[in-house]
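Structural overview for review
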Amino acid sequence: KQTGSVVVFDMVGNKTKDGKTVSDPLSFLTNVWMKGQKLSGAEKVTVNGFPAATAAFSGTVNKRPVTIRLVNIAWKGRFVRFQIAIPKGAPATLVEDLKRTSYSFRNMTNSEKTKFKPYRVKLVTAKAGDTIATLAARQPIAEHKQDMFMLLNALKPNQALKAGQRYKIISN
């Protein structure tokens, strides 16, 4: 079910453009990330033991009014950032679910870390007869293999591959 909400997650370093280190999440949020922007409710918080900060501002997503909630978490010399677009008038249950998304950030346990292996991007050379489907099938991902292959290689659906040309695939 579509709710009109959007969650954006990223990580950035803790340095300003002029090379100064900022370690306080609230200072980084208000003076670096959102410098010069009008924010409401800017405050320090803690997320699973990590120093953090939050603030909000009004905006639009797909021409619909939203409140954009920012959460900035200090983690290992960088900042973990969540931008959450919450539709105006959203039910309380949706708002709580979105809050839990950002406030669930934590370190992985050693057991969890052993379960995950990073994927790599590998270059392969197309042979005569190769298609998006045949090269995409070589990827170890479970879903959307062809979509991922097309995205990695800036291809359109049903676009012919060129024998001898190198293409990116996901590999173990």
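Above this text is the structure in question.
Heads up: these notes are all about the structure in this document.

It is worth spelling out the overall build of the protein at this point. Tallying secondary structure elements over the protein gives 5 helices and 7 strands in all. Walking the protein from its N terminus toward its C terminus, one meets helices and strands in the order β-α-β-β-β-β-α-α-β-α-α-β. Taken against the 2.2 N^0.38 rule, which gives 16 Å for 172 residues, the C-alpha radius of gyration of the protein at 21 Å runs more than 25% over that of a compact globule. Dimensions of the protein along its principal axes, counting C-alpha atoms only, are 60 × 35 × 35 Å. Buried positions account for 31% of the 172 residues belonging to the protein. Excluding contacts between residues fewer than 6 apart, the proportion of contacts in the protein whose partners are at least 24 apart in sequence is 50%.

Once that is clear, we can look at the sheet that holds strand 3 (residues 50-61). Taken together, 5 strands build an open sheet; the order of strands is 1-5-4-3-2 and the sheet is antiparallel. The sheet terminates laterally at strand 1 (6-13) and strand 2 (40-47), the two strands that pair on one side only. On average, adjacent strands in this sheet sit at an angle of 25 degrees to one another, irrespective of strand direction. Strand direction decides the pairing type here: strand 4 (residues 64-75) and strand 5 (residues 78-87), joined by 10 bridges, are antiparallel. From the neighbouring strand, Trp 75 faces strand 5, where its bridge partner is Arg 78. Strands strand 1, strand 2, strand 3, strand 4 and strand 5 of the sheet are contacted by helix 1 (residues 25-33), whose axis makes an angle of about 130 degrees with strand 4.

Another aspect to go through is the pairing of strand 4. Where strand 3 and strand 4 come together, 10 bridges link them in antiparallel fashion. Bridging from a neighbouring strand, Ser 58 pairs with Thr 67 of strand 4. Hairpin remark: strand 4 followed by strand 5, antiparallel, with 2 residues in the connecting loop; positive phi at Lys 76, about 50 degrees.

All right, on to helix 2 (residues 92-103) then. Residues separated by three or four positions in an α-helix point in the same direction, a consequence of the helix having 3.6 residues per turn. In a regular helix each residue adds 1.5 Å, so 12 residues correspond to 16 Å; helix 2 covers 16 Å between its end C-alpha atoms and thus fits that length. All of the buried residues along helix 2 are Leu 94, Leu 98 and Ser 102. On an axial view of helix 2, the arc spanned by its buried residues comes to 75 degrees, and they lie on one face. Residues Ala 92 and Thr 93 are exposed on helix 2 and point more than 90 degrees away from its buried face. Summarising the contacts, the buried residues of helix 2 are in contact with strand 1, strand 2, strand 4 and strand 5.

This part takes up the nonpolar core. Leu 29, Trp 33 and Leu 70 are the most contacted members of the largest nonpolar core, which has 15 residues in total. Sorting the residues of this core by element identifies helix 1, strand 3, strand 4 and strand 5 as the ones contributing at least two each. If near-sequence neighbours (up to four positions away) are discounted, Trp 33 is found in contact with Phe 28, Leu 70, Val 71, Asn 72, Arg 81, Phe 82 and Gln 83. With 14 residues, the next largest nonpolar core counts Val 47, Ile 73, Leu 94 and Leu 98 among its residues.

This next bit is on the packing of aromatic side chains. Inspection of every chain in the model, using the stated rule, returns 5 aromatic pairs. With centroids separated by 5.7 Å and ring planes inclined at 90 degrees, the aromatic side chains of Trp 75 and Phe 105 adopt a geometry described as edge-to-face. Taken together, the positions of Trp 75 in strand 4 and Phe 105 in the loop between helix 2 and helix 3 (110-115) put the pair 30 residues apart, joining distant regions of the chain. Here the two residues Trp 75 and Phe 105 agree in accessibility, since each one is buried. Aromatic ring contacts, followed pair by pair, group Phe 50, Trp 75 and Phe 105 into a single cluster. In this structure, Arg 81 packs its charged tip against the face of Trp 33, placed 4.5 Å from the ring centre.

Structurally, Leu 70 can be placed in strand 4. When the C-alpha positions of Leu 70 and Val 7 are compared, they lie 10.0 Å apart, and in sequence the two are 63 residues distant.

Reading guide: rules and limits
Residues numbered from 1 in each chain as written. Predicted model: local features only at pLDDT ≥ 70, side-chain atom pairs only at ≥ 80, totals over all residues. Heavy atoms only, no water. Helix = DSSP H or I, 4+ residues; strand = E, 2+ residues; numbered from the N terminus. Rg over C-alpha atoms; globule rule 2.2 N^0.38 Å. Buried < 20%, exposed > 50% of the residue type's maximum accessible area, 1.4 Å probe, protein only. Contact = heavy atoms within 4.5 Å. Pairing = 2+ DSSP bridges. Axes fitted to C-alpha atoms, helices over the stretch in contact; angles between N-to-C directions. Expected span 1.5 Å × (residues − 1). Arc of directions from axis to C-beta. Core = buried A, V, L, I, M, F, W, Y, C linked by side-chain atoms within 4.5 Å. Phe/Tyr/Trp six-rings, centres within 6.5 Å; stacked < 30°, edge-to-face > 60°. Lys NZ or Arg CZ within 6 Å of the ring centre and 35° of its normal.

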